[in-house]
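# Understanding the architecture of this molecule
The lines below spell out each chain.
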Amino acid sequence: MSTKTKPNEPIVTHIYTADPSAHVFDGKLYIYPSHDLDHDEPSNDNGDQYKMEDYHVLSMEDVSAPCIDHGEVLHVKDIPWASKQLWAPDAAYKNGKYYLVFPARDHDNIFRIGVAVSDNPAGPFKAEENYIPGSFSIDPAVLVDDDQKAYVYFGGLWGGQLEKWQTGSFIPDAEGPDPSAPALGPRVAELSEDMLTFKHDPKEITILDEDGNPILAGDEDRRFFEGPWVHKYNGLYYLSYSTGTTHKIVYAVSENPQGPFTFKGTILKPVIGWTTHHSIVEFNGKWYLFYHDCSMSDGVNHKRSVKFTELNYNEDGKIQTIDPYGE
Ligand code: FUB
């Protein structure tokens, strides 16, 4: 735990971590990951093997400093509305407080998104009594824009249940669109001033190809699957996400935080393991991609480790594609 951190190596090795959301708070890098459990039970496409019960917060003074584990900051037993599966969280700072925004299954087995609050970026966090009214699915990511408006982006297919919300209510046996129909997009909602509710019903984000046509559900190299993240670069909004079945992190760009976004390319080639999940952060004048893979468990999909690497842009704003195991 006290060794120096290196790019493309697990930032901690004493626990399995995944789904890293990295932020700079108080001049330090804070990472809010999922905490994978070390079990050997079977896996399925519904993601039941991802049975995480708590969150830890990690931090680094700089990118080569030791990564500190601040310990357990929230446990499912302390979240009144949640029953299981604390999946990919994010954190945001507003109004002098830190907000951990996270998905979990409620007591009806439906994924919802909740908030827990702290005065300290390293927690501990106190969960709200109920999930955000009107929230559903997984993988929330919060952007607090330059004008202090806060947006939460979320959604995930398959185990993340996004297919089941196409009508606005939960249809347990609903399937995804036909491959020739537009793909399902992630959702976005502006958060209220206190960060605890949506200001409006979530809106579906449209992702367009270079000709202005919606990306289709059958276009598995480019369509949204899970893990949305939005960052700003040179005044533009960059929406990046996992393509799931084709295991890439790709991105699309817009002038508007709620889209539509135009597809641009691949950020991260496939990693060892089925899932891929990332965040992008600027720290001390450089940009970094935080991601995970399963190298530390020799490829066991639910035993993942967070890593990071530098991310570079071309002069035209395009992100250079990263090979996680390249030179
Ligand atoms: O960690 C559980 C799930 O796996 C996340 O919510 C997805 O993004 C995928 O990484």
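Note that the coordinates shown come from a computational prediction; the quantities given were computed from them, not determined experimentally.

What follows is about the overall build of the protein chain. Across its full length, the protein chain holds 0 helices and 21 strands. Look at the contacts in the protein chain between residues 6 or more apart in sequence, and 53% of them connect residues 24 or more apart. A total of about 13400 Å² of accessible surface is found on the protein chain, and carbon and sulfur atoms cover 46% of it. Computed over 27 positive and 51 negative side-chain charges, the inter-centroid distance for the protein chain is 1 Å.

UniProt feature "active site" (unreviewed entry): in the numbering of this structure it lies at D40 and E204. Spanning 165 residues, the annotated positions stay apart in the fold, the maximum distance between their C-alpha atoms being 36.7 Å. You can see D40 is positioned in the loop between β2 (28-36) and β3 (54-60). The exposed category is assigned to D40, whose relative accessible area is 69%. At 3.1 Å, the side chain of D40 and the side chain of K303 are in polar contact. Among the secondary structure elements, E204 is positioned in strand β13 (residues 203-204). Each residue touching E204, except ones within four places of it in the same chain, is listed here: A183, L184, G185, P186 and R187. Of note is the side chain of E204, whose polar atom sits 2.7 Å from the backbone nitrogen of G185.

The rules behind the values
- Think of each chain on its own: its residues are numbered from 1, step by step along the sequence as written.
- Confidence filtering applies because this is a predicted model: local features only for residues at pLDDT of at least 70, side-chain atom pairs given and counted only at 80 or more, and all residues used for totals across whole chains, interfaces and linings.
- Note: side-chain values were computed over all heavy atoms of the structure, leaving out hydrogens and water.
- A run of H or I in DSSP counts as a helix once it spans at least four residues, and a run of E counts as a strand once it spans at least two, with each numbered from the N terminus.
- Contacts were defined at the residue level, with two residues in contact if any of their heavy atoms lie within 4.5 Å.
- Accessibility throughout is a Shrake-Rupley quantity obtained with a 1.4 Å probe, and a residue counts as covered only by protein chains that appear here.
- Counting rule for charge: Lys and Arg are taken as positive, Asp and Glu as negative, and neither His nor the chain ends is counted.
- All charge positions are set by atom: Lys at NZ, Arg at CZ, Asp at CG, Glu at CD.
- UniProt positions are given in the numbering used here, feature names are shortened, and annotations may be inferred rather than shown by experiment.
- The buried label applies to any residue whose accessible area, calculated with a 1.4 Å probe on protein chains only, is under 20% of its type's maximum; exposed applies above 50%, and partly exposed to all values in between.
- Residues adjacent in sequence count toward polar contacts only when both atoms are side-chain atoms; beyond that, a polar contact is any pair of N or O atoms within 3.5 Å, and within protein one must be able to donate a hydrogen and the other to accept it.

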